[in-house]
Amino acid sequence: MQILHGVEAPQCEGLVIEVHLDMMDVPAAFLNRLIACGFENDPFLDFYPPGFHFHYTGRTRSLPENVHIALPPINELIADVMKDARNSGVNMYAECELVRDIHHFSGSAPSSEPSVNLSALDGLAVSQCDKDQLPKADLHVEFKAGTVPAEVRAHLLSRNFYWVSTPASVRFPSEEIATVQTSSFQDAQLIYERLVADPLPACTGIHLEQKLSMVRSSPDTPVPPVMQLAWK
């Protein structure tokens, strides 16, 4: 029985569990083995940290009361992938995440607004954690490509969000996504709630994900920084 089901999780009840693999140079045989394990190509136009050129994702679903049953085989799969990566000389990292909440805005504010409201993040101070700190959550703030107001981009960069972009696909339009990894799930949840209540101009959606694990093929493999939040 296949554990993961590519980019789309099965259409059933339950929480989405996703595994992301971000890789530098990869031999074709390694990618073929990932596909056989249920991963699917999930490309980016721009990625952070730079240097990662191959991105594969696998998703599944689990009822909340069964997550503890679903995770052990997924963790075993990740361990097998990382062992294969080290044996194949592949520089990569793997993330396992639980999707906790998603909010889509039915209509986004036009990017040409003369007055840009950024009050949702008033008083937010962000500092980078020690490099050994493991992330506990991801927050993704999505925009249709080409619509991000300059003030919004600069504002999120000043809060240590980093930006990635994706190509258009049969499932999704081309997007620009601002992401922050936090040292506590509660920090990310608070930002999520604020941005849902007081959305940024042109924002189309926000994803809140609980980080279950992050594993690197080598201690030298770069990963996105983890942020500690404080409210002034």
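None of the values given here were measured: they were computed from a predicted structure.

Visitor: An account of the pattern of salt bridges is requested, with residue identities and associated values reported.
Guide: This model, assessed by the stated rule, comprises eight salt bridges. Across the pair Arg 171 and Glu 40 runs a salt bridge, and its minimum N-O distance is 3.3 Å. Placement of the pair is Arg 171 in the loop between β7 (162-166) and β8 (175-182) and Glu 40 in strand β2 (residues 40-41), with a sequence separation of 131 residues. Connected through shared salt-bridge partners, Glu 95, Glu 97, Asp 138 and Lys 211 make up one network.

Visitor: Would you mind going over the packing of helix α1 (residues 28-36) against helix α2 (residues 67-88) in detail, with residue names and values included?
Guide: It is the contact of α1 with α2, at a shortest axis distance of 11 Å, that shows an interaxial angle of 170°. The angle between α1 and α2 places the two elements in the roughly antiparallel class. For the pair formed by α1 and α2, the contact residues are Phe 30, Arg 33 and Leu 34 on the first element and Val 81, Asp 84, Ala 85 and Ser 88 on the second. Class assignment for the residues of the contact of α1 with α2 results in four nonpolar, one polar and two charged.

Visitor: Can you explain the pairing of strand β6 (residues 137-144)? Please cite residues and give values.
Guide: Of all the eight residues making up β6, seven are buried; the element is thus mostly covered by neighbouring parts of the structure. Sheet topology places β6 next to β8; eight bridges connect them, and they run antiparallel. The residue bridging Lys 144 from the neighbouring strand is Glu 175, located in β8. With seven bridges connecting them, β6 and strand β9 (residues 203-216) associate as antiparallel partners. Paired with Phe 143 across the strands is Cys 203, a residue of β9.

Visitor: A description of the nonpolar core should follow, citing residues and the corresponding values.
Guide: In this structure, Leu 139, Phe 143, Leu 156, Leu 195 and Leu 200 are the most contacted members of the largest nonpolar core, which totals 28 residues. Looking at this core, the elements that each hand over two or more residues are β6, α3 (150-158), β8, α4 (185-197), β9 and β10 (226-231). Of the residues forming this core, the biggest block, five residues, is contributed by α4. If near-sequence neighbours (up to four positions away) are discounted, Leu 156 is found in contact with Leu 121, Phe 143, Phe 161, Trp 163, Ala 178 and Leu 200.

Visitor: Give a detailed account of the packing of aromatic side chains, specifying residues and quantitative values.
Guide: Under the criterion given, the structure shown has five aromatic pairs. An angle of 65° between the planes, with centres 6.1 Å apart, marks the rings of Phe 47 and Phe 52 as edge-to-face. Per residue, the accessibility class of Phe 47 equals that of Phe 52, and both read buried. When the centroid spacing of 5.6 Å and the interplanar angle of 40° are considered together, the rings of Phe 143 and Trp 163 count as tilted. Here Trp 163 lies in strand β7 and Phe 143 lies in strand β6, a separation of 20 residues in the sequence. Trp 163 matches Phe 143 in its accessibility class, with the two residues each being buried. An aromatic cluster of at least three residues, connected via ring pairs, comprises Phe 44, Phe 47, Phe 52 and Tyr 93.

Basis of the calculations
- Residues numbered from 1 in each chain as written.
- Predicted model: local features only at pLDDT ≥ 70, side-chain atom pairs only at ≥ 80, totals over all residues.
- Heavy atoms only, no water.
- Salt bridge = Lys/Arg side-chain N within 4 Å of Asp/Glu carboxyl O.
- Helix = DSSP H or I, 4+ residues; strand = E, 2+ residues; numbered from the N terminus.
- Axes fitted to C-alpha atoms, helices over the stretch in contact; angles between N-to-C directions.
- Parallel < 35°, antiparallel > 145°, perpendicular 65-115°, else oblique.
- Contact = heavy atoms within 4.5 Å.
- Nonpolar A, V, L, I, M, F, W, Y, C, P; charged D, E, K, R; others polar.
- Buried < 20%, exposed > 50% of the residue type's maximum accessible area, 1.4 Å probe, protein only.
- Pairing = 2+ DSSP bridges.
- Core = buried A, V, L, I, M, F, W, Y, C linked by side-chain atoms within 4.5 Å.
- Phe/Tyr/Trp six-rings, centres within 6.5 Å; stacked < 30°, edge-to-face > 60°.

Fair warning: the whole summary comes from geometry, so function is off the table for now.
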